[in-house]
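Each chain, written out:
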Amino acid sequence: MKRRRTKAESSSEDPEKKQKSRSGSKDVSPSKTSSSSAPLSKEFRCSICLDIFTDPVSTPCGHNFCKTCLNKCWDNSQSCNCPYCKETFMHRPDLKINTTLRELVDHYKKKRHEKKPEVLCDVCDERKLKALKSCLVCQSSYCATHLDPHLRVAGLKKHKVMDPVSNLEDYICQKHERPLELFCRDDQRIVCLFCTDEDHRNHNTVSLEETQLMVQDTQQMIQDRVKKIEEIKHSAEVRKRNTEKEKAACVELFTDLKRSIERFHTELLEMMEEQQKAAKKQEEELIKELEQEITELKMRNTELEQLSHTEDHLHLLQIYSSQCNPRKNRNWPEISMKTDESLQTLRALIKLKDTLQEKLMQTELKRMQQYAVDVTLDPDTAHPNLILSDDGKQVRHGDIRQKLPDKKERFEMYENVLGKEGFSSGKFYFEVQVKGKTDWILGVARESINRKSVITLSPSNGHWSIQCNGNVYSASADPPVSLHLKVKLQRVGVFVDYEERLVSFNDVESNSHIYSFTAQSFFGKLYPFFSPSPFNGGKNLIPLIITPVN
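No experiment lies behind these values; they were computed from the predicted model shown.

Draft legend 1. Focus on the overall build of the protein chain. On a plain count of helices and strands, the protein chain comes out with 11 helices and 23 strands. Considering the protein chain as a whole, with its 550 residues, one finds that 36% of them fall into the buried category. For the protein chain, the accessible area works out to roughly 34,100 Å², and carbon and sulfur atoms hold 52% of it.

Shown next, in the form of structure tokens:
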């Protein structure tokens, strides 16, 4: 039979002090315990239908809804967003039932629908009133009147109270008659504080509050992983779309190349056939003319042979003189049968090669431009001599050193500035207008690049760039490489493939390649790098301009 304790026993019990000192945690007040079931009920309710979950699913942002409710909500909307926090998803998530949450909900439903017996106050003598709370320390249930001492008396206020239950023995250690307030991880059971001095000595125990937090943390981990799965799926879809775009671009390129080759092949055959006809016609005309001259020469030779037997030397001399001055003929030994057929064929092949190279470069540039990023200059890194535009898209040399805050990010030795955003993976591309400038440097640099002292701009120092010095171009390689360009640069495209360890520079206006750094050593973030170079007496006043990618 359950033993009841008097108020004096409950309030003066020495083990209570022992419990407080050993547990190291505060006792739950009546107000906290009484509200413990309300949040649990709220956590199991769908914010759309406001009812207990049916087939709960989790969104990538971590909120839970009934599967049917969420599907109906998205079916009636042109976009997919969370009904609770309004976060919008690029693609409709593939909803999977949260089995852990469903099991908790099913357990909650089962407990909720169980017929709970009415709990009466253990202190009322005559007419038993309905109990408002049950005390785990006193092992009794109290109505509002008899609960009052637990709300006023200092010692009783430390007792653990909960919503009234008829089976208080289930919440009490039957061996020590103490509240079951600890969870033994080794034995996977709930124990009291005194149990830890006996059977569960040196076991790994935590408070029930900590256990509840662990459950909540586990649910959060599940939500985080669901969200990560959605992010991975989204990244895979983006990568798939980009791959499809590149495949389509390649198909388009080779289709154009095939058409170009077929067209040039047809034109080349037609040209060769026309050249062959012209050469044949020329040969026939020359042969005809030669045969005609040979006939005339044979006739003259016959006449001369006949005249050679006459003694009328005067007549012979006259005829010989007339035959020695025939019509003007070609100088046959000097006539060459060469035609410009080979030269024209060579020119056609060169034209075909140049056209194919141009189309390849156009396609390659379009592919790189798909990875265009919005670059903005970082004023915290700008050398004091540089002047940045308000929108952060232009930089020029001001020829006057400004008074700026001394920051570790700022360049102090050379007139350089970096972009705000760095990149440690993937591909990125941006374009810069250099038209009208006589000197400039453009590229990318590591976040760790030396900003306070003298350095050589080179890959070994974490810097990849090309530069113009008095309209002479070079690449800042190890050692520097002179660039012999056919045209003056107007707009430069910079492309970086982090995984492929590539930095490539291209002339946007002429669709031509300038220079590439390959098989480089990247680590950490890479930042866009700009230097408009010295003022040069006003000759180099024009700014470097970050331009939108068309």
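So, next bit.
Draft legend 2. Structural context of the nonpolar core. In this structure, Phe430, Trp440, Ile466, Val492 and Phe530 are the most contacted members of the largest nonpolar core, which totals 36 residues. Apart from the residues within four sequence positions on either side, Ile466 is in contact with Trp440, Ile441, Leu442, Ser474, Ala475, Leu483, Val492, Phe505, Ile514 and Tyr515. Within the second largest apolar cluster, 18 residues are counted, among which are Val57, Cys61, Phe65 and Leu101.

Draft legend 3. Spotlight on the sheet that holds strand β14 (residues 427–433). Spatial strand order, β11-β12-β23-β14-β19-β20-β21: 7 strands in an open sheet with antiparallel pairing. Of all the strands in the sheet, the pair left with one neighbour each is β11 (386–388) and β21 (512–517). On average, adjacent strands in this sheet sit at an angle of 20° to one another, irrespective of strand direction. Both β11 and strand β12 (residues 394–397) contribute to a ladder of 3 bridges, which runs antiparallel. When the bridges of β12 are listed, Leu388 appears paired with Val395.

Draft legend 4. Summary view of the pairing of strand β22 (residues 526–531). Within β22, 6 of the 6 residues are buried, leaving the element largely enclosed by the surrounding structure. Bridge count between strand β13 (residues 417–418) and β22: 2 bridges; the pairing is antiparallel. Note that in β22 the partner of Val417 across the bridge is Phe530. Sheet topology places strand β15 (residues 439–446) next to β22; 6 bridges connect them, and they run antiparallel. Within β22, the position partnered with Ile441 by the bridge is Ser531.

Draft legend 5. Representation of the environment of Gln433 within the structure. In this fold, Gln433 is placed in strand β14. Given the relative accessible area of 29%, Gln433 is considered partly exposed. Excluding anything up to four places from it in sequence, Gln433 contacts Gln490, Arg491, Pro543, Leu544, Ile545 and Thr547.

Draft legend 6. Representation of the sheet that holds strand β17 (residues 472–475). Reading across from one edge, β13-β22-β15-β16-β17-β18 is the order of the 6 strands in this open sheet, with antiparallel pairing throughout. Single-partner strands in this sheet number two, and they are β13 and β18 (481–483). In the sheet, β15 pairs with strand β16 (residues 463–469) via 7 bridges, with the strands oriented antiparallel. Each residue of the ladder has a partner; that of Trp440, found in β16, is Cys468.

Draft legend 7. Quick look at the packing of aromatic side chains. On inspection of all chains with the given rule, the structure shows 10 aromatic pairs. Plain terms: the ring middles of Tyr498 and Phe522 are 5.3 Å apart, the flat faces sit at 45° to each other, and that makes the pair tilted. Taken together, the residues Tyr498 in the loop between β19 (491–497) and β20 (502–507) and Phe522 in the loop between β21 and β22 connect sequence positions 24 residues apart. Between Tyr515 and Phe517, the ring centres sit 5.0 Å apart and the planes meet at 80°, which makes this aromatic pair edge-to-face. Just as Tyr515 is buried, Phe517 falls in that class too. In this structure an aromatic cluster arises from ring pairing among Trp464, Tyr498 and Phe522. The cationic tip of Arg451 hangs over the ring face of Phe411; the distance from NZ or CZ to the ring centre is 5.6 Å.

Draft legend 8. Region of the structure containing helix α7 (residues 144–152). What α7 keeps buried is the set Leu147, Pro149 and His150. Axial view of α7: buried residues confined to an arc of 135°, hence all on one face. Seen from the open side of α7, the exposed residues pointing more than 90 degrees away from its buried face are Ala144, Thr145 and Arg152.

Draft legend 9. Seen up close, the side chain of Arg491. Residue position: Arg491 is located in strand β19. Classification of Arg491 by relative accessible area gives buried; the value is 15%. Side chain to side chain, Arg491 and Glu431 meet in a polar contact 2.9 Å long. Among the polar contacts made by the side chain of Arg491, one reaches the side chain of Glu509 at a distance of 3.4 Å. In contact with Arg491, other than residues within four places in its own chain, are Glu431, Val432, Gln433, Val434, Asn506, Asp507, Val508, Glu509, Thr547, Pro548 and Asn550.

Draft legend 10. Layout of the pairing of β15. Taking burial as the measure, the 8 residues of β15 include 8 buried ones, the bulk of the element. On β15, burial covers both faces: Asp439, Ile441, Gly443 and Ala445 on one face and Trp440, Leu442, Val444 and Arg446 on the other are all buried.

Draft legend 11. Structural view of the state of the cysteines. Taken as a whole and assessed by the stated rule, the structure comprises 0 disulfides. Residue Cys73 stays outside any disulfide, its sulfur separated by 8.9 Å from that of Cys80, the closest cysteine. A relative accessible area of 32% means that Cys73 is categorised as partly exposed. Lacking any disulfide linkage, Cys121 is separated from the closest cysteine sulfur, that of Cys124, by 3.7 Å. Note on Cys121: relative accessible area 1%, which makes it buried.

Draft legend 12. Fine view of the pattern of salt bridges. One pass over the full model with this rule turns up 13 salt bridges. Among the salt bridges present, the one from Asp380 reaches Lys407, with a minimum N-O distance of 2.9 Å. Taken together, the residues span a long stretch of sequence, with Asp380 in the loop between α11 (341–369) and β11 and Lys407 in the loop between β12 and β13 at a distance of 27 residues. Here Lys452 makes a salt bridge to Glu412, at a shortest N to O gap of 3.9 Å. One end of the pair, Lys452, is in the loop between β15 and β16; the other, Glu412, is in the loop between β12 and β13, with 40 residues separating them in the sequence. What makes Lys452 partly exposed here is its relative accessible area of 36%.

Parameters at a glance
Residues numbered from 1 in each chain as written. Predicted model: local features only at pLDDT ≥ 70, side-chain atom pairs only at ≥ 80, totals over all residues. Heavy atoms only, no water. Helix = DSSP H or I, 4+ residues; strand = E, 2+ residues; numbered from the N terminus. Buried < 20%, exposed > 50% of the residue type's maximum accessible area, 1.4 Å probe, protein only. Areas by Shrake-Rupley, 256 points an atom, 1.4 Å probe, with all protein chains shown as cover. Core = buried A, V, L, I, M, F, W, Y, C linked by side-chain atoms within 4.5 Å. Contact = heavy atoms within 4.5 Å. Pairing = 2+ DSSP bridges. Axes fitted to C-alpha atoms, helices over the stretch in contact; angles between N-to-C directions. Phe/Tyr/Trp six-rings, centres within 6.5 Å; stacked < 30°, edge-to-face > 60°. Lys NZ or Arg CZ within 6 Å of the ring centre and 35° of its normal. Arc of directions from axis to C-beta. Polar contact = N/O pair within 3.5 Å; in protein donor to acceptor, adjacent residues only side chain to side chain. Disulfide = S-S within 2.5 Å. Salt bridge = Lys/Arg side-chain N within 4 Å of Asp/Glu carboxyl O.

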